[in-house]
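# Structure assessment
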Amino acid sequence: MKFLRSGVRNTGLIFLGHWNDDWNTEYFLPTNTWVHLSGTYDGTTEKFYVNGSFKNSRTPQQDWTIQSDELIIGATFTTQSGNYFNGQIDEMRIWYEARTESEIQTNMYNEIYDISGASNLATYYQFNATDGAVLTDLKGYNTGTLVSMDNSDWTESYAMVVPIPMEALGISQDGFTANWYAPEIGIVENYILDISEITDFSTFVSGYEGLNVGNVTSQDITGLTSGATYYYRVRAEKSSVSGTGGFYRDYISTITLYTEFPIINTQPESQIDTCEGTKNILLYVNGDYIETFQWQISTDGTTWTDLSDNNDYANTGTATMQIIDATIDMQNTIYRCKVCNQDVNCIYSDELLLTIIKTPIVDLDTEIEIIEGESVTLSAGTFNENVTYFWYPTEETTNSIIVSEENVYSLTVSEGNCYAYDSIRVFFAEQQIVIPNAFTPNGDGINDTWKIFDPSNRNYDVIILDKNGSTLISYTTHEIPEGWDGRKNNIDLPSDIYWYVLKYEDGEVKTGTILLKR
C-alpha cells in the first residue's frame, strides 16, 4: 500500500492520500465492529476496498514523493496529543505492490504463515503480543515502539474470526435454510444472523435482527412472504469480545422464495457409474418451490424405502443427498427423491441407478533382493478378464513380468475408470569374495579344506607356496572345485603358514597367507 497517510475523520469518514491531496473515500466507518480496509496505488490510480470489495478509485492530483519520515500507526504525529485513532487495529500489512481485489480477498481472513515466501510483503504487524510496548514487524525491518502503552492496554481481537456464507438450501414458498462455513481461525461461541429485504440492512425482517442461533452452521428460516426476495448475513460471537464480529467481505446471500409447485429432476441423470470406495457422492434435485425432501432407495424399482442419515448416507432430508462411501453392497441400487410443497402436494424425482465397479487390489512386496545375473517374476495377482495392466518402466501390459535389473517397478491395474497402484524395488544382493585365512584338515568334517567363495564365478588359477616362496601346488578352480585339502602329492603338509596367489583371467591378482593347522 503506497498511501502516504490514511485516517478517519471525526464523522467516521475514511480518507486516504498525501499532503495537500486528501481523498475522501465516501465511506463512513461503522462503530463497534471489525472492518477490513485496503488502499492501493499502482503509479497511476488509487483504489479503495472495504471487506475485500472495491468501493471507488481516483487519479491523484499530485505526483507521489518518497518520504523518509517515521511510519506512525494510530496517530497523526507522535508530537500532537489528541490526534489518535479512537478504535482498535489488527493484522496490518504493507506491500511493495498494488494488490488486486482477488489477492486481497484470498488473504484477508488468514494470517500469513510463509512470511519468507511473501517476497512482495514489505512490513507485517500481526499485533499478536499480549504484553510489552514493542510492535514486532514479522518481516524484521520496521519493529517499533508503542507510545503510552502498558500491558493492560492489550486486548483480545476478533478481527479474523469471520464465518463464510453459503448458498441457501431448502427454499420454499415461505422460507429457506441459511448456511455458512465456520471461520478458519478463532473460537466461536455463537453465530448472529441478520435477514432483510434491503441490501444495506437498514431494516430487518421481524425476529431476524441480530438473532443468536447458537453454535451451528445453518438455520431454518420460516414465516416469510411467498415470491419475495430476502438477504441474509452472519457474523461470529464470543462473550469475551461481544459485539465486535465482522461480516464476510461485502457478500450477501440472496434468496427469492417460490410461488408455485416444483418441476424437478435428479442429477446426475439416470445413472452413476463409480468406483468402489469413492467418497462423498452427491445426488441432488433441481427445481423450484420445494418445501420438503425425502430421499428413497429401491433394489427393484417397485418397493421404496425412506433413507435416514447413517454411516452410509447423509443429508437424506435435503435437496442434496450424500453417499458417504460407495461400497460393493450398493451395486445396482436405485435412488429417487420425494419432494412436497407447503400444501403437502408431493411428487417424485427421476430415478437414478448406481453401479459400482469393484476397485482392484494390488499388493506387491515393498522390495525384493536377487543375485546379479539372475531374474525374478513380478506378478499382479488374480483379477477378472476386464482389467488392464501397465508396468513401468518396462511398459509391459501383462499380468506378470520377468525382470533381472535393479529398478523400482510400478504396476497400475485398471477396470474402467477405477484403478489401483503399487510399486516394488528390485535390488541386487551385496556379495563379496571370501578367502579363508586358516583351515584345519584333520578329518573331523569341519573346515577340512581351504575353499574360496567368489559369487562372480570367474575363473582363476591358484598357487600355494611355502614360506620360502617355493611352489607346492597349483590348480584351477575347475580342477579342485571342493578346495585344497592341505596335501601335496597325497602327502599331508605340516601345520604352518603358507602363501597363496590367485590369478584371474582378466589379470587381477590376489595374494595372502593361510594358516594350516592340524
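## As for the sheet that holds strand β5 (residues 46–50)
Taking strand neighbours across the sheet as the criterion, the three strands line up as β4-β5-β6 in an open arrangement whose pairing is antiparallel. Only two strands of the sheet have a single neighbouring strand rather than two, namely β4 (37–41) and β6 (53–58). The sheet shows a mean angle of 20° between the axes of neighbouring strands, direction not considered. The sheet contact formed by β5 and β6 spans five bridges and is antiparallel. By the bridge assignment for β6, Glu46 is matched with Arg58.

## Quick look at the packing of aromatic side chains
For the structure on display, the rule yields eleven aromatic pairs. Between Tyr460 and Tyr504, the aromatic rings sit 5.2 Å apart at their centres with planes inclined by 55°, giving tilted as the arrangement. A residue pair is termed long-range when its members are at least 10 positions apart, and Tyr460 in strand β35 (residues 460–465) and Tyr504 in strand β39 (residues 496–504) qualify at 44 residues. For the pair formed by Tyr460 and Tyr504, the shared burial category is buried.

## Focus on unusual backbone geometry
Cis geometry marks the peptide bond from Tyr392 to Pro393, where omega comes out at 15°. By secondary structure assignment, the location of Pro393 is in the loop between β30 (388–392) and β31 (400–403). The phi torsion at Glu26 lies on the positive side, around 70°, for a residue other than glycine. With respect to the secondary-structure elements, Glu26 resides in strand β3 (residues 21–28). Residue Glu26 is classed as exposed on the basis of its relative accessible area, which comes to 69%.

## Structural notes on the nonpolar core
Counting residues in hydrophobic clusters, the biggest one holds 26 residues, and the most contacted among them are Phe176, Leu193, Ile195, Tyr230 and Tyr232. Where this core is concerned, the elements lending two or more residues are β12 (176–181), β13 (190–196) and β16 (229–237). The greatest single-element share of this core, amounting to four residues, is contributed by β16. When near neighbours in sequence (up to four residues on either side) are disregarded, Ile195 contacts Phe176, Phe201, Phe204, Val205, Tyr208, Ile221, Tyr230, Tyr231 and Tyr232. By size, the runner-up hydrophobic cluster in this structure holds 21 residues, among which are Ile297, Met321, Val339 and Ile356.

## Observations regarding the state of the cysteines
Within the structure shown, the criterion is met by one disulfide. Between the sulfur of Cys275 and that of Cys418 lies a disulfide, 1.9 Å long from S to S. Across the S-S bond linking Cys275 and Cys418, the dihedral sits near -100°, which makes this disulfide left-handed. With Cys275 in strand β19 (residues 271–275) and Cys418 in strand β33 (residues 418–428), this residue pair connects regions lying 143 residues apart in the sequence.

## Description of the pairing of β33
Bridge analysis of strand β28 (residues 367–370) against β33 gives four bridges, and the strand direction is parallel. Paired with Ile370 across the two strands is Phe428, which belongs to β33. The pairing of strand β32 (residues 407–415) with β33 spans nine bridges and is antiparallel. Within the sheet, the bridge partner assigned to Thr412 lies in β33 and is Tyr421. Counted between consecutive antiparallel strands, the loop separating β32 from β33 contains two residues, among which Gly416 sits at a positive phi close to 65°.

## A few points about the sheet that holds β16
Ordered by their spatial adjacency, four strands build an open sheet running β14-β13-β16-β17, and the pairing between neighbours is antiparallel. Strand pairing shows two members of the sheet lacking a second neighbour, β14 (211–214) and β17 (253–256), which therefore form its edges. Sheet twist, expressed as the mean angle between neighbouring strand axes with direction ignored, is 35°. Where β16 meets β17, four bridges bridge the pair, whose relative direction is antiparallel. Within β17, the residue paired with Tyr230 across the bridge is Ile255.

## Considering the pattern of salt bridges
Per the stated rule, a full pass over the model turns up 13 salt bridges. Among the salt bridges present, the one from Glu46 reaches Arg58, with a minimum N-O distance of 2.6 Å. Taken together, the positions of Glu46 in strand β5 and Arg58 in strand β6 put the pair twelve residues apart, joining distant regions of the chain. For Arg58, a relative accessible area of 14% corresponds to the buried category. Glu276 is the salt-bridge partner of Lys358, the closest N and O atoms lying 3.7 Å from each other.

Definitions and limits used
- Residue numbers here run from 1 along each chain, matching the order of that chain's written sequence.
- Local features in this predicted model are restricted to residues of pLDDT 70 or higher, and side-chain atom pairs are both shown and tallied only at a pLDDT of 80 or more, whereas totals for entire chains, interfaces and linings draw on every residue.
- As a rule here, side-chain values cover all heavy atoms of the structure and leave hydrogens and water aside.
- Pairing between two strands is assigned when DSSP locates at least 2 bridges connecting them.
- Note on conventions: DSSP H or I runs of at least 4 residues are helices, E runs of at least 2 residues are strands, and numbering of each starts at the N terminus.
- Convention adopted: a line fitted to C-alpha atoms gives each axis, helices being fitted over their contacting stretch, and angles between N-to-C directions are expressed from 0 to 180 degrees.
- Working definition: a ring pair exists when centres of Phe, Tyr or Trp rings (six-membered ring for Trp) sit within 6.5 Å. Plane angles under 30 degrees give stacked, over 60 give edge-to-face, the rest tilted.
- Buried residues are those whose accessible area, probed at 1.4 Å on protein chains only, stays under 20% of the maximum for their type, while exposed residues exceed 50% and partly exposed ones sit between those limits.
- Among the buried residues, those of types Ala, Val, Leu, Ile, Met, Phe, Trp, Tyr and Cys that are joined through side-chain atoms within 4.5 Å form a nonpolar core.
- Pairs of residues are marked as contacts when any of their non-hydrogen atoms sit within 4.5 Å.
- In this description, the term disulfide denotes a pair of cysteine sulfurs within 2.5 Å.
- The working definition used for a salt bridge is a side-chain nitrogen of Lys or Arg within 4 Å of a carboxyl oxygen of Asp or Glu.

The values reported here are purely geometric and, on their own, carry no functional implication.
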